[in-house]
Amino acid sequence: MIRRMDAVKLDVQKLVAGYIPGHPILHGVNLKIAPGQITVVLGPNGAGKSTALRVLAGFLAAESGSVRLDGDEIVDLPTYRHIESGIALLPQGHSVFPDLTVAENIELGGWILRGDRRRLHQAVDDVFTRYPHLRDLRNKSAGSLSGGQQRTVEIARLLVSNPRVLLIDEPSVGLSPVIASQVYRELTALKAEGRTILLVDQDIRAAIRIADYIYVLNSGKNEIEGDRAAFEGDLGALVRGWLGV
Amino acid sequence: MVTTVAGIVANGILLGLVYAIAALGLSLIMGVMGIINVAHSAFIMLGSFLALGLLEWAHIDPIASFFIALPIFFVVGAVVYRLIVTRVERAHQTQGLIAMFGLMVLIENLGTIAWTTDTRVITVGYSNANLTVGPLIIADAPLIAGVLAVVLILALRLFLHSTMVGRAIRAMGQNRDAALSLGINVRRLSAIMFGLGIASAGAAGVALAMIFPFAPQTQIQWLAWAFLIVVLGGLGRVESTLVSALMVGLIQTAATAFLPFDYVYLILYVALATILSVRRQGLRGVARRAI
Ligand SMILES: Nc1ncnc2c1ncn2[C@@H]1O[C@H](COP(=O)(O)OP(=O)(O)OP(=O)(O)O)[C@@H](O)[C@H]1O
Ligand SMILES: [Mg+2]
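Source: prediction; values computed, not measured.

*Asks:* In this structure, what is going on with helix H7 (residues 177–192) of chain A? I would like to understand it.
*Replies:* Note on helix geometry: an α-helix contains 3.6 residues per turn, so any two residues three or four positions apart are oriented the same way. Residue and element names in this part refer to chain A. Taking 1.5 Å of rise per residue, the 16 residues of H7 would be expected to cover 22 Å, and the 22 Å separating its terminal C-alpha atoms lies within 8% of that figure. Taken together, the buried positions of H7 are Ala180, Val183, Tyr184, Leu187 and Leu190. Around the axis of H7, the buried residues are gathered within 115° of arc, so they sit on the same side. Away from its buried face, by an angle of more than 90 degrees, H7 presents the exposed residues Val178, Arg185 and Ala192. Those residues of H7 that are buried are in contact with strand S3 (38–42), helix H4 (117–130), helix H6 (147–159), strand S7 (165–169), strand S8 (196–200) and helix H8 (204–210).

*Asks:* It is not clear to me how the site of ligand 1 should be interpreted in this structure. Could you clarify?
*Replies:* Residues and elements named next belong to chain A. Around ligand 1, the structure places 14 residues, and the nearest of them are Asn45, Lys49, Ser50, Thr51 and Gln202. Between ligand 1 and Tyr19, the relevant distance is 3.4 Å, taken from a nitrogen atom to a side-chain nitrogen or oxygen of the residue. With respect to ligand 1, the backbone of Gly48 contributes an N or O atom lying 2.9 Å from an oxygen atom. For ligand 1, the accessible surface in isolation is 630 Å², of which the surrounding protein chains cover 63%. Here the shell around ligand 1 is composed, by residue class, of four nonpolar, seven polar and three charged.

*Asks:* I'm lost on the environment of Arg164 of chain A in this one. Help?
*Replies:* Residue and element names in this part refer to chain A. Tracing the backbone shows Arg164 in the loop between H6 and S7. On the basis of relative accessible area, Arg164 is assigned to the partly exposed category, the value being 34%. Taking the C-alpha atoms as reference points, Arg164 and Gly36, 128 residues apart in sequence, are found 8.7 Å from one another. With near-sequence residues (within four places) excluded, Arg164 lies in contact with Gly86, Glu193, Gly194, Arg195 and Thr196.

*Asks:* Sorry if this is basic, but what is going on with the interface of chain B and chain A here?
*Replies:* Put simply, an interface is often sized by how much accessible area is lost when its parts join up. Taken together, the contact pairs 22 residues of chain B with 25 residues of chain A. Where chain B meets chain A, there are three salt bridges. Where chain B packs against chain A, one counts six residue pairs in polar contact (both at pLDDT 80 or more). Among the elements of the structure, helix H6 (164–174) and helix H7 (176–181) of chain B are those that each provide at least two residues to the side of chain B that touches chain A. If you tally residues by element for the side of chain B that touches chain A, the top one is H6 of chain B, at seven residues.

*Asks:* Would you take a moment to explain the pairing of strand S1 (residues 10–17) of chain A for this structure?
*Replies:* Residues and elements named next belong to chain A. Extensive coverage of S1 is indicated by the burial of six of its eight residues. Where S1 and strand S4 (residues 62–69) come together, six bridges link them in antiparallel fashion. The partner of Val12 across the bridge, within S4, is Val67.

About the thresholds
Residues numbered from 1 in each chain as written. Chains lettered and ligands numbered in written order. Predicted model: local features only at pLDDT ≥ 70, side-chain atom pairs only at ≥ 80, totals over all residues. Heavy atoms only, no water. Helix = DSSP H or I, 4+ residues; strand = E, 2+ residues; numbered from the N terminus. Expected span 1.5 Å × (residues − 1). Buried < 20%, exposed > 50% of the residue type's maximum accessible area, 1.4 Å probe, protein only. Arc of directions from axis to C-beta. Contact = heavy atoms within 4.5 Å. Near = heavy atom within 4 Å. Polar contact = N/O pair within 3.5 Å; in protein donor to acceptor, adjacent residues only side chain to side chain. Areas by Shrake-Rupley, 256 points an atom, 1.4 Å probe, with all protein chains shown as cover. Nonpolar A, V, L, I, M, F, W, Y, C, P; charged D, E, K, R; others polar. Salt bridge = Lys/Arg side-chain N within 4 Å of Asp/Glu carboxyl O. Pairing = 2+ DSSP bridges.

From the geometry alone we can't say anything about function, so treat these as descriptive.
Encoded structure:
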């Protein structure tokens, strides 16, 4: 399938990466992430989805391959440079720091801004303005919040650095359907602000519903890809059958 | 009777405070980094000998040595982290254990070569002095050591809770991936945490030397003591280490007041065995949790 795209925000080519040198998990993954869109990556457990996101976030080194952001190679840059250039990752699973307060969690979202206290406080304040109910919870320990509130803290923390590219790993796992749909609505709202989103998800239906383009990875390789229309038709059934959903 | 109880409580608290700093580094390194640093007590021993050396060669009072030990052992800890821990921390946990065990044996043996196996005591003006508060008699040395311990505990707590670097260190113990994803330099902060843990071990060695005799080969007893406190208190929080250390100090002074000293160990280790079997997860389970 050939895909026409005017611009590529994040261009991943022949990415090889893993945790043990010489034993890659990703065997040459290719992804083209269009600006201002939601690109979804699906795949079975262990396919390497989270691994790919870790490389894109800059804290797992690639063995080879290329990651270009707006045309600039970033694959070997450290995490803080990725964040400075506007990429941020929401890791899989619960990722609040449970023993820190909500305010402390969110402040750490601006870790790379810590040299400029004024900017950091402004950024934190902006996030509290965006999620006013978090302001009331600011002195509670994050671990004491409900699952949905914790997810909001995680998203709020992610937004402190005002990223233009969001890497989101399985945001609805463990949430009630109501809360999960709020999370997807939030992702759509972030897209409407012009942010680019790379979403990894196990909830195939929900992810496809908000996707502009979809990749399927299996065993560290590209398997299928297509736009939403393709996946809502036969391809969707194919993938669902193959994933056993 | 009231006086006896008050005396036991006062002395138990002072002892507990010193035990708290002896265990704090072990607890924090385990809680934040998941590393069971069995070489911890070897650094306590080195701290005691630092105090002795500074006293004998430069007439520096242990109170000053306590503060001198902090930066010295911080650097030692950061170097040990870089040279040894970084090589084993991503490996299976037993590898790290063996590496740190080797380091402990090495330090102990170098210690016996340098200082022999003779038992040493530190004797300064206040070593045998007492403070009398009404009917209460408190020995000066534990009092001073206890006050120094409070200073260190407060400083560590302040650092970990009230500075952004301290909070980032706690954060990386709670969720490493999330910390990494925020650009937190886990390597550097781990070196700082390890340095702080070893710094508090060295300072604890100075404080313990003010109260107890010491020798290179007896350091292992402080490892057992520190483990006991860590397991009793759960991991990684300054407060919980403090509380369980105070409990151990109080149990010890109370038991010594009424029982032969040998029973103290018996009581404390029965308590340890009970807690470990009730928790059913042992040290590995403890080490997975974070501050
Ligand atoms: N930190 C790690 N160290 C070593 N191996 C890892 C690590 N994390 C993941 N792996 C391995 O890498 C492979 C891919 O894992 P990854 O987490 O990227 O899969 P995934 O597609 O995100 O799966 P899931 O849907 O379960 O989240 C798996 O075989 C996993 O065991
Ligand atoms: Mg995953």
